[in-house]
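Listed below, chain by chain, are the residues.
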Amino acid sequence: MKYICLGYIKPGTFEGMSDDERNAVLDECFKHNDQLRADGHLLAELPLQPPETALTLYWKNGKVATTDGPYAETKEQLGGIHILEARDLNHAIQLVSQLPGFQYGLGPVEIRPAADLNELIKASEQRRKQKTAQ
């Protein structure tokens, strides 16, 4: 089963580290990710640019509107995403709990099972084909 892991980071954490500290964190995290990848658990990883580069779209007054930055008002900001393959939620928890970033206080990680939309997509395709055939 696939799990999406949303890694949050406290603003200023990396900026407050020395170059040596930052390099140590990155080296440990990348080494850990290499092992997860080699074991077939890390399917993808996507780091994000800082929150100030974000743009949020939402629906307002009958049209799409935008606002700068992330929409959520939180102390931590989303820093990146891991897509893991794990047997079940307990296995995903075990894998994520070994992330080196925790010991450096980088922030929490939210784990969510990925949704399987295959059946919904197939049903939608069938409905759309029926509509065009009419």
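Basis of the calculations
- Residues numbered from 1 in each chain as written.
- Predicted model: local features only at pLDDT ≥ 70, side-chain atom pairs only at ≥ 80, totals over all residues.
- Heavy atoms only, no water.
- Pairing = 2+ DSSP bridges.
- Helix = DSSP H or I, 4+ residues; strand = E, 2+ residues; numbered from the N terminus.
- Axes fitted to C-alpha atoms, helices over the stretch in contact; angles between N-to-C directions.
- Contact = heavy atoms within 4.5 Å.
- Core = buried A, V, L, I, M, F, W, Y, C linked by side-chain atoms within 4.5 Å.
- Buried < 20%, exposed > 50% of the residue type's maximum accessible area, 1.4 Å probe, protein only.
- Salt bridge = Lys/Arg side-chain N within 4 Å of Asp/Glu carboxyl O.
- Arc of directions from axis to C-beta.
- Polar contact = N/O pair within 3.5 Å; in protein donor to acceptor, adjacent residues only side chain to side chain.

Colleague: Describe the sheet that holds strand E5 (residues 77-85), listing the residues and the values that go with them.
Modeller: The strand order across the open sheet formed by four strands is E2-E5-E1-E6, and the pairing between neighbours is antiparallel. Since the sheet does not close on itself, it has two edges, and those belong to strand E2 (42-47) and strand E6 (109-113), each with one partner. With direction set aside, neighbouring strand axes in the sheet form an average angle of 20°. The sheet contacts of helix H1 (residues 19-38) involve E2 and E5, and relative to E2 the element is tilted by about 145°. Seen against the sheet, helix H2 (residues 89-97) touches strand E1 (2-9), E5 and E6 and runs at an angle of roughly 155° to E6.

Colleague: Lay out the pairing of E5 in plain terms, naming residues and giving numbers.
Modeller: Where E1 lies against E5, eight bridges are found, and the strand directions are antiparallel. Opposite Cys5, over in E5, you have His82 as the bridge partner. Taken together, the five bridges between E2 and E5 define a ladder with antiparallel strand orientation. Following the sheet pairing, Ala44 is matched in E5 by Ile83.

Colleague: Explain the nonpolar core residue by residue, including any values.
Modeller: Counting residues in each nonpolar core, the largest one holds 10 residues, listed as Tyr3, Cys5, Leu36, Leu42, Leu84, Ala86, Ala92, Leu95, Val96 and Leu99. Contributing elements (two or more residues each) for this core: E1 and H2. By residue number, the principal contributor to this core is H2, which donates three residues. Those residues in contact with Val96, other than ones at most four positions away along the chain, are Cys5, Leu84, Phe102, Val109 and Ile111.

Colleague: So what's going on with the pattern of salt bridges? Residues and values would help.
Modeller: Enumeration according to the criterion identifies six salt bridges in this entry. A salt bridge links Glu110 to Arg112; its shortest N-O distance comes to 2.4 Å. Arg112 sits in the partly exposed class, given a relative accessible area of 48%. When the shortest N-O distance is used, the salt bridge between Lys122 and Glu119 registers 3.9 Å. With Lys122 and Glu119 both in helix H3 (residues 118-133), this residue pair falls three residues apart, about one helical turn.

Colleague: Could you give an account of H2, with specific residues and numbers?
Modeller: Burial in H2 covers these residues: His91, Ala92, Leu95 and Val96. Taken end-on, H2 shows its buried residues confined to a sector of 130°, consistent with a single buried face. Residue Asp88 occupies the N-cap position of H2, its side-chain oxygen lying 3.2 Å from the main-chain nitrogen of Asn90.

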